[in-house]
Amino acid sequence: MKSHRSIILKIHELLETKKISCVELIKKYLDEIKKNKFNAYITVTENEALNSAALVDKKISSGQEIKLLEGIPVSLKDVISTKGIRTTCGSRMLENYVPIYNATCWEILKNNGAILLGKNNQDEFAMGASNETSFFGPVKNPYDITKVPGGSTGGGAASVVGGLAAFSIGTDTGGSLRQPASFCGIVGLKPSYGSVSRYGIIPMASSFDQAGPLTLTVKDASIVYDAISKFDEKDSSSNSQARNLTYDSLDKDISGIRIGIPKEFMNGMNSEIISSIKNVIKTYENLGAKIDYFSLPEVKYAMSIYYVLMCAEASSNLGRFDGIRYGFRPKNYNNVEDLIIRSRSEGFGDEVKRRILLGTYILSSSYTNNFYKKAQELREFLTCAFASVFEEFDIILLPTTPTTAFGFDYAEDDPIKMYLADVCTVTANEIKIPAISIPCGFDKQNLPIGVQLFAPRFREDILLNAAYKYESENFCVKIVDGVNNLY
Ligand code: GLN
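The shown structure was predicted, so the numbers you read here are calculated from the model rather than taken from an experiment. (Residues numbered from 1 in each chain as written. Predicted model: local features only at pLDDT ≥ 70, side-chain atom pairs only at ≥ 80, totals over all residues. Heavy atoms only, no water.)

Colleague: Quick question: what am I supposed to make of unusual backbone geometry here?
Modeller: Working note: non-glycine residues mostly have negative phi, and peptide bonds are mostly trans. Here the residue pair Gly151 and Ser152 is connected by a cis peptide bond, since its omega of 5° sits within 30 degrees of zero. Positionally, Ser152 belongs in the loop between strand 3 (115–120) and helix 5 (154–161). Phi at Cys89 takes a positive value of approximately 60°, unusual for a residue other than glycine. Tracing the chain through its elements places Cys89 in the loop between strand 2 (73–77) and helix 4 (104–111). Among the residues examined, Cys89 registers a relative accessible area of 0% and is labelled buried. Of note in the backbone geometry, Lys432 takes a positive phi value of approximately 70° without being a glycine. (Helix = DSSP H or I, 4+ residues; strand = E, 2+ residues; numbered from the N terminus. Buried < 20%, exposed > 50% of the residue type's maximum accessible area, 1.4 Å probe, protein only.)

Shown next, in the form of C-alpha cells:
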C-alpha cells in the first residue's frame, strides 16, 4: 500500500500478476459487507458483482490487458441512479424505486470495468451531516462505532475506511463528501460545479450538487476524478471545456505556491483541530509554500445563503414525489389530494419535510425578494470576493469541520447545531470551486481530523497536486477494518 499510496494501483497490480483472482477479491469484500458492522449499505449487488468479476478473470486469463479501473470494487451513494438496481435516496419515498437508466458517472465507471458492490446508506435525500436521517437507520463510524460517520455520504465514507469498497462515489451539496471524509479519516473530493455530470443523480439542490470520490489516498482520488470528469451533453450544467486532468501533475514541486488562510475559519473551532491545522501549515512552509493569512468578513453570510437557496431548490426538486408517478403510495386514500398529502406525509422523514416547508416559504411570492433574491445576490457577491482572493493565492487552506466525529443524537433537539457542521464547507459549493478534505491527524480521542483545501474553479490539477504533496509528508490514513488492509 505504502509504495503505491493507491489501493486502485495495488489491486490492479494484484489482478494483472494473478496474485488474486477478481472473483476471489470481490468475494472478500462481499463477505465483509455481509457482516454488516456499520450499516453502510442499503443494497448489495452480489450477483452482478460476481458475474462482472468472472468476466474480468476471463479477460486476464486469456492474456488481454485490463484497464486501470477494471475489476476495482466500488460502492455508490444511493442518490446515483443504477439501471435495474434500486436507488432509494435513503428514503421511504423511494424504498422500492428501480431506475431504468444509469447516471453518467456510474456509466463511465462501469464502462471502465469498475465493479459495483452495492448502494450505500446515506442521509435521506442527502440532507444531513450525521447519516441519522436515513430511513434505513444510522451508519456507524468504523473508527469508533459510538460516533457518527458524518453525512450525508456516511455509508460511502464508512465503506472506504471500513474496508467494504476500494473507493466510493458520493455527492456534495454543502459538504457531504468532505465532512464524512474528515470524520472517517479519508480523502473526499468535491469537484468544481460542472466537472462531473449530474445526469442521473437524484437532485437535492441543483445549483450546488456535485458528485465526487471518497478514497483512501489522494492518488486514488486523482485516478477516479480523471475518469469521471467529462463533458456530458445530457447535463445542461456540464462544462464543455477540456478538463485539467490531475494525475500527471500530482508530484509537481510546489515551492513558491501561495497558500492563503482565511482568519475567519481559524476562530471558534475546536482547539485540537486548530493545532492540527497549524501543523499542516508548517508542513507546507517546509515544502516551500508562501503562507499568508487573509480576512474575508463576507463568509459570515455563507451559511445563510446556503440554507436559503438549498431549501428553495430542494423544495422545488422534491415536488415530483407525489405518490402518483412513482415512489411511495399509501394503501388507502380518499381522493387525489388526500393521496398526495398522505404519500408525502408518510414517505418523507422529518428533516426532508422541514426543508420542503422552509423552501416553499422562501419561494412564496411575498417573500422571494427578501430571501431568495437576496441570497442569490449574496452568492454572486461571495463569488466575486473569492475571485479577488484567488488573484493573491493559488490555494486556500482551512479546517474541514469545526469538530471531530460526534456521538449519535448530538443535535437531537436543535437542527441548527447540525447545520453548523457545514460551516467550513458550504462556501465551495456556493462559489462552485473544487475542494478536498484530507486526513491530517487525530484528536485526543483518537478520532480523525481533516484539513480542507480550495482551488479556483476547474483547477483540480493544482488542488490535487497540493494535497498529494502534503499527504506525501504526513500520511495518516489508518485502515480500520475490512479488506482494504489486505495490501
Ligand atoms: N450537511 C449539509 C446539509 O444537510 C450538506 C448536505 C450535502 O452536501 N448533501 O445540507
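Colleague: What is the right way to look at the pairing of strand 8 (residues 290–294) in this model?
Modeller: Taken together, the five bridges between strand 7 (residues 258–262) and strand 8 define a ladder with parallel strand orientation. From the neighbouring strand, Gly260 faces strand 8, where its bridge partner is Asp292. Each parallel crossover has a hand, and the one from strand 7 via helix 8 (residues 271–286) to strand 8 is right-handed. (Pairing = 2+ DSSP bridges. Right-handed = clockwise from strand over helix to strand, strands pointing away.)

Colleague: I would appreciate a short explanation of the packing of aromatic side chains in the present structure.
Modeller: What characterises a pair of aromatic rings is the spacing of the ring centres plus the angle enclosed by the ring planes. Under the counting rule described, the total for this entry stands at 18 aromatic pairs. For the ring pair Tyr101 and Tyr199, a centre distance of 5.3 Å and an interplane angle of 40° mean the geometry is tilted. Linking Tyr101 in the loop between strand 2 and helix 4 with Tyr199 in the loop between strand 5 (187–190) and strand 6 (210–215), this pair joins segments that are 98 residues apart in sequence. The partly exposed category is assigned to Tyr199, whose relative accessible area is 25%. With centroids separated by 6.1 Å and ring planes inclined at 40°, the aromatic side chains of Tyr367 and Phe371 adopt a geometry described as tilted. The ring of Tyr410 is capped by Lys417, whose NZ or CZ atom sits 4.3 Å from the centre of that ring. Cation over ring: Lys478 sits above Phe442, and NZ or CZ is 4.2 Å from the ring centre. (Phe/Tyr/Trp six-rings, centres within 6.5 Å; stacked < 30°, edge-to-face > 60°. Lys NZ or Arg CZ within 6 Å of the ring centre and 35° of its normal.)

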